[in-house]
Amino acid sequence: MADAQTKPADPLAGLIDIPLPQEVSLWPQTWPLRIAIVLAAVLAVWAIWRFVHRYRANRYRREALSELDRMCQTPEAVPDRLAAQLSLLVRRTALGAFPRETVAPLTGTAWLAFLDRSYGGDEFSRGAGRWLVSAPYQRTAPGRDELNALRGLVRRWIRGHHV
């Protein structure tokens, strides 16, 4: 009877704690993977630097396009004055992108040939771009279709000319 009245010892007292596994490292264990991660980081830094550099270098394009949009949205835009403003905008944009010594002395057909070379076409010397040179001196203003074609050409040149 004495055995029934005595309390047994704590059954959990003899257990041993389970050892925890080692912490998993976030750094890869193999050298090729480490090199790949470093190369990816270098590539990401280079890509960000290149994007920022290109964004800053094309600031003049964004400003020229916004000025072109403002010009075309004014309801009192007189056709002959609009052609002269477009000519001035193209000249200022070219002066911002190309060396001044190259762009400043150009006039007439030489100016149109330069625009064609920098754009990669012949729309300035043979198409609507001729209005850039002749519109300020014409007695008749260019028509609505010609002005729309000139606006589109100026917009494409601002976006796509090669420095």
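It should be noted that the structure appears before, not after, this text.
Given the structure is predicted, the values throughout are model-derived calculations rather than measurements. Here, residues in each chain are numbered from 1, in the same order as that chain's written sequence. Residues qualify for local features only when their pLDDT is at least 70, as the model is predicted, and side-chain atom pairs are given and counted only at 80 or more; totals for whole chains, interfaces and linings, by contrast, use all residues. To get the side-chain values, all heavy atoms of the structure are used, and hydrogens and water are removed first.

### Re the nonpolar core
No. 1: Formed by 30 residues in total, the largest nonpolar core has its most connected members in Trp111, Leu115 and Trp157.
No. 2: Among the elements that line this core, the one with the most residues is helix 4 (residues 79-97), at 7 residues.
No. 3: By the convention used here, residues are in contact when the closest approach between their heavy atoms is within 4.5 Å. The contact partners of Trp111, leaving out residues within four places of it in the chain, are Val90, Arg91, Ala94, Val103, Leu106 and Val133. In plain words, nonpolar cores are sets of buried Ala, Val, Leu, Ile, Met, Phe, Trp, Tyr and Cys residues tied together by side-chain atoms within 4.5 Å. Relative accessible area decides the class of each residue, using a 1.4 Å probe on protein chains only: under 20% of the type maximum gives buried, over 50% gives exposed, and in between gives partly exposed. Each helix corresponds to a stretch of at least 4 residues labelled H or I by DSSP, and each strand to a stretch of at least 2 residues labelled E; elements are numbered beginning at the N terminus.

### Quick notes on the side chain of Arg61
No. 1: In this fold, Arg61 is placed in helix 3 (residues 59-73).
No. 2: We treat Lys and Arg as the positive residues and Asp and Glu as the negative residues; His and chain ends play no part in the count. One side-chain nitrogen of Lys or Arg within 4 Å of one carboxyl oxygen of Asp or Glu is enough to make a salt bridge. Glu63 provides the closest opposite charge to the buried, salt-bridge-free Arg61, at an N-O distance of 12 Å.
No. 3: A polar contact of 3.0 Å, which involves the side chain of Arg61, links it to the backbone oxygen of His161.
No. 4: For Arg61, the residues in contact, after removing those within four places along its chain, are Ile158, Arg159, Gly160 and His161. For this analysis, a polar contact is any N or O atom pair within 3.5 Å, provided that within protein one partner can donate a hydrogen and the other can accept it, and provided that sequence-adjacent residues contribute only side-chain to side-chain pairs.

### As for helix 3
No. 1: The span one expects for a helix is its residue count, reduced by one, times 1.5 Å. An ideal rise of 1.5 Å per residue puts 21 Å on 15 residues; helix 3 measures up with 21 Å between its terminal C-alpha atoms.
No. 2: For helix 3, the set of buried residues is Tyr60, Arg61, Ala64, Leu65, Leu68 and Met71. Seen from one end, helix 3 has its buried residues packed into an arc of 130°, which puts them on one side. Exposed residues lying more than 90 degrees from the buried face of helix 3 are Arg59, Arg70 and Gln73. Starting at the helix axis, one direction is taken to each C-beta atom, and the arc is that of these directions.

### Remarks on the environment of Arg100
No. 1: When you line up the elements, Arg100 lands in helix 5 (residues 100-103).
No. 2: For Arg100, a relative accessible area of 53% gives the class exposed.

### Examining the packing of helix 2 (residues 31-57) against helix 3
No. 1: Note on geometry: axes are C-alpha line fits, over the in-contact stretch for helices, and angles between N-to-C directions span 0 to 180 degrees. Across the interface, helix 2 lies against helix 3 with an axial gap of 4 Å and an inter-helix angle of 45°. When the interaxial angle is binned, helix 2 and helix 3 end up oblique. Contacts from Tyr55, Arg56 and Ala57 of helix 2 reach helix 3 at Arg59, Tyr60 and Arg62.
No. 2: When residue character is reported, Ala, Val, Leu, Ile, Met, Phe, Trp, Tyr, Cys and Pro are called nonpolar, Asp, Glu, Lys and Arg charged, and the others, Gly included, polar. Residue composition of the contact of helix 2 with helix 3, by class: 3 nonpolar, no polar and 3 charged. When an angle is under 35 degrees it counts as roughly parallel; over 145 it counts as roughly antiparallel; between 65 and 115 it counts as roughly perpendicular; any other value is oblique.

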